[in-house]
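Listed below are the residues making up each chain.
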Amino acid sequence: MAEIIKKAVAGTLESSDVYVEAEPAEKLEISIDSAVEAQFGDAIRNSVREVAAALGVDGARLRVKDRGALDCVIRARVETALRRGMEA
Amino acid sequence: MKRSMLFIPGNTPGLLINGACLGADMLIFDLEDAVSPDEKDSARVLVRNILKDLDFSGIGTIVRVNSVDSAYFEKDLEAIVPCSPDMIMLPKTGCEADVLRVDARIGALEEKLGMEKNSVRLMLLIETAIGVENAFKSASASERVCAIFLGAEDLSADLRCKRSKEGREIEYARARLVCAGRAAGVDVYDTPFTDVNDDEGIRRDAEAAKALGFTGKAAISPRHVDAINEVFSPSEKDIEYAYEVMEAIALARQQGRGAIALRGKMIDAPIVARAQQTIAAAEELGLGREI
């Protein structure tokens with residue numbers, strides 16, 4: 001399993017992007033701030049979980065501030081935030 | 001046709017996802033100069049995901065990776081090669097050895113990933129004095145190379161001269177690259193015009209490049225794409241003349257005549273070759289007709 005050892009961020013608050021904060025936690029905790037949370041909140045959570053699982057991360061607090069990002073952009077920013085959080 | 005190629009900074013989702021709507025024949029997803037060192041990792045993952053998930057059919061995709069001697073090069077290749085972009089752009093190509101080194105590295109990745117050999121193509125960015133002088137050898141070094149591209153900003157710094165709108169300082173490099181590229185049998189692309197607000201300037205610059213024999217031209221702004229596409233497309237007059245040439249040739253053959261004149265000028269092999277190139281371009285743009 002991969003461990004998040006420090007707080008890390010990725011992305012921006014610009015339109016079509018997403019800002020992701022990752023920090024150490026015992027289990028996976030996901031919070032989402034998005035204008036389309038009612039419609040796409042579950043889909044965003046699923047994408048975040050899948051990226052974390054693919055990287056072997058089962059403990060992290062992830063705050064996702066979405067500004068209308070496509071799924072591939074969300075996945076990219078989550079991956080980058082988690083990878084940065086793993087680096088010593 | 002591959003007339004225009006538009007640079008898109010690799011860490012800007014808004015531009016990356018809308019790139020296909022900007023009218024360019026090819027898009028260059030830039031991981032090099034347009035991305036700050038602390039965002040290289042982020043841009044690499046973003047461009048990889050965009051290439052995997054979005055549909056760019058009908059548009060050429062090129063990824064400018066970081067240079068061979070940078071700390072990012074290996075990671076760029078590992079992320080981008082599996083996405084099979086149409087081309088990988090290799091910055092600061094100086095000589096044959098640079099191309100062979102990258103060729104071997106990509107070849108190893110293709111084998112590891114079960115990809116077809118030589119399926120990943122290369123566009124060489126020539127932007128140093130040594131790169132200009134070695135352009136033919138570099139372009140001929142590997143079957144992967146399908147285009148070379150003049151980068152005049154870095155080149156003028158290397159030449160220790162100022163970059164100007166008129167471009168006199170890069171006349172030699174332009175002519176040399178066209179000759180090198182054509183001799184090697186690859187496409188040749190001209191440097192971008194950097195004043196995004198000068199609509200007349202971009203047209204003049206593109207016309208100068210077209211007159212020298214360039215295949216097309218790069219753009220750093222969507223505002224320049226239409227002018228480039230227009231300049232590098234055959235005009236109605238060119239197309240009509242090309243068909244007249246081919247019809248005259250067909251008639252001469254029917255009549256068993258070896259030589260023929262059109263509009264008072266003998267039609268020889270180079271004129272026929274140019275007519276064939278014009279008709280091929282017209283057909284690609286849907287402007288062809290039966291002979």
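Only a predicted model underlies this, so the values are computations on that prediction, with no experimental measurement involved.

Draft legend 1. Representation of the packing of helix 2 (residues 40-53) of chain B against helix 3 (residues 73-80) of chain B within the structure. All names here are of chain B. Interaxial distance between helix 2 and helix 3 falls to 9 Å at its minimum, and their mutual angle equals 20 degrees. Accordingly, the angle class assigned to the pair helix 2 and helix 3 is roughly parallel. Crossing geometry of helix 2 relative to helix 3 is assigned as right-handed. Between helix 2 and helix 3, the residues in contact are Arg44, Val47 and Arg48 and Lys75, Asp76, Ala79 and Ile80, respectively.

Draft legend 2. The arrangement of the pattern of salt bridges in detail. All names here are of chain B. According to the stated counting rule, one finds 39 salt bridges over all chains in the structure shown. Its salt-bridge partner being arginine 3, residue aspartate 25 comes within 2.9 Å of it at the nearest N-O pair. Taken together, the positions of aspartate 25 in the loop between helix 1 (13-18) and strand 2 (26-30) and arginine 3 in the segment before strand 1 (4-9) put the pair 22 residues apart, joining distant regions of the chain. Under the relative-accessibility criterion, arginine 3 is labelled buried at 11%. For glutamate 240, the salt bridge identified is with arginine 289, shortest N-O distance 3.3 Å.

Draft legend 3. Focus on the sheet that holds strand 7 (residues 187-190) of chain B. Residue and element names in this part refer to chain B. Around the barrel, eight strands lie side by side as 1-2-3-4-5-6-7-8; this closed barrel has parallel pairing. Between one strand and the next, the sheet's axes are offset by a mean angle of 25 degrees, whatever the strand orientation. By the bridge criterion, four bridges tie strand 4 (residues 87-90) to strand 5 (residues 121-126) in an arrangement that is parallel. By the bridge assignment, leucine 90 is partnered in strand 5 with leucine 124.

Thresholds, definitions, all that
Residues numbered from 1 in each chain as written. Chains lettered and ligands numbered in written order. Predicted model: local features only at pLDDT ≥ 70, side-chain atom pairs only at ≥ 80, totals over all residues. Heavy atoms only, no water. Axes fitted to C-alpha atoms, helices over the stretch in contact; angles between N-to-C directions. Helix = DSSP H or I, 4+ residues; strand = E, 2+ residues; numbered from the N terminus. Parallel < 35°, antiparallel > 145°, perpendicular 65-115°, else oblique. Left-handed = near helix turned anticlockwise from the far one by under 90°. Contact = heavy atoms within 4.5 Å. Salt bridge = Lys/Arg side-chain N within 4 Å of Asp/Glu carboxyl O. Buried < 20%, exposed > 50% of the residue type's maximum accessible area, 1.4 Å probe, protein only. Pairing = 2+ DSSP bridges.

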